[in-house]
Amino acid sequence: MSLIAALLLMSGTTFAIDPAYKPVKDQLAPARAGKIQCHEPDTEARTCRIMTWFSEGDGGRVQARQLTALADSPSLAAELRIGLTREGAALCGVVNESYMAGFRIVSGREPYAPADNKRYAILYRDAMVATLWNRKACSYAFTRPDDAMQLEVGTVDGEFAGELMASYIWIDPGAGYRLKARPQL
């Protein structure tokens, strides 16, 4: 048994993270209150690398629209519209053809030029195929008392996936936040 699997078995759904973090009981409560999830926030600059809007449907179904900043000049983002399911405390989905059907590259609020969109879609798909294709990914939310920053921890096919860990805050739609890409190396 791998060390990570052993840690998961010993820790339940705590993933052996800092004990100050506690599972979020209802991770979509802020979305129902109209808030947007802002990953990798810079609160001074009012920027997010990823912004996600959630809406809930029947039977534990959740719709997500996610924008991930790819470049700032020109302004390019990967837009993904996906269906997820609630599974206990987790939100889960499978990366497959249905998942990719909700993907496009946007510039500002408009779709990017179709020829380039295909190129970016192919690069994105290749990255997804290499790591997640037809695999079940789930995210769990954790928070610390009196801290607006939350921690997202992910699993792939039930195993901890450290590369899916991220920090985020919930923001009001009118708070003036915008997307900002990671600096180029």
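Residues numbered from 1 in each chain as written. Predicted model: local features only at pLDDT ≥ 70, side-chain atom pairs only at ≥ 80, totals over all residues. Heavy atoms only, no water.

Student: Give a detailed account of the side chain of Gln-37, specifying residues and quantitative values.
Tutor: Within the secondary structure, Gln-37 is located in strand E2 (residues 36–39). For Gln-37, the side chain forms a polar contact with the side chain of His-39, separated by 3.0 Å. Those residues in contact with Gln-37 that lie beyond four places of it in its chain are Ile-50, Met-51, Thr-52, Phe-54, Tyr-168, Ile-169 and Trp-170. (Helix = DSSP H or I, 4+ residues; strand = E, 2+ residues; numbered from the N terminus. Polar contact = N/O pair within 3.5 Å; in protein donor to acceptor, adjacent residues only side chain to side chain. Contact = heavy atoms within 4.5 Å.)

Student: So what's going on with the nonpolar core? Residues and values would help.
Tutor: Counting residues in hydrophobic clusters, the biggest one holds 24 residues, and the most contacted among them are Phe-54 and Leu-84. Taken together, the elements giving at least two residues each to this core come down to strand E5 (61–72), strand E6 (75–87), helix H3 (97–101), strand E8 (103–107) and strand E12 (159–171). Leaving out residues up to four positions away in the same chain, Phe-54 has contacts with Leu-28, Ala-31, Gln-37, Val-62, Gln-63, Ala-64, Leu-84, Leu-91 and Trp-170. One finds Ala-90, Cys-138, Phe-142 and Leu-151 within the second-largest nonpolar core, a separate group that totals nine residues. (Core = buried A, V, L, I, M, F, W, Y, C linked by side-chain atoms within 4.5 Å. Buried < 20%, exposed > 50% of the residue type's maximum accessible area, 1.4 Å probe, protein only.)

Student: A description of the packing of aromatic side chains should follow, citing residues and the corresponding values.
Tutor: Applying the stated criterion to the full structure yields two aromatic pairs. Between Phe-54 and Trp-170 the ring centres are 6.1 Å apart and the planes differ by 50 degrees, which places this aromatic pair in the tilted class. Taken together, the residues Phe-54 in strand E4 (residues 50–56) and Trp-170 in strand E12 connect sequence positions 116 residues apart. For Phe-54, a relative accessible area of 17% translates into the label buried. With centroids separated by 6.1 Å and ring planes inclined at 85 degrees, the aromatic side chains of Tyr-168 and Trp-170 adopt a geometry described as edge-to-face. Given the relative accessible area of 13%, Trp-170 is considered buried. In this structure an aromatic cluster arises from ring pairing among Phe-54, Tyr-168 and Trp-170. (Phe/Tyr/Trp six-rings, centres within 6.5 Å; stacked < 30°, edge-to-face > 60°.)

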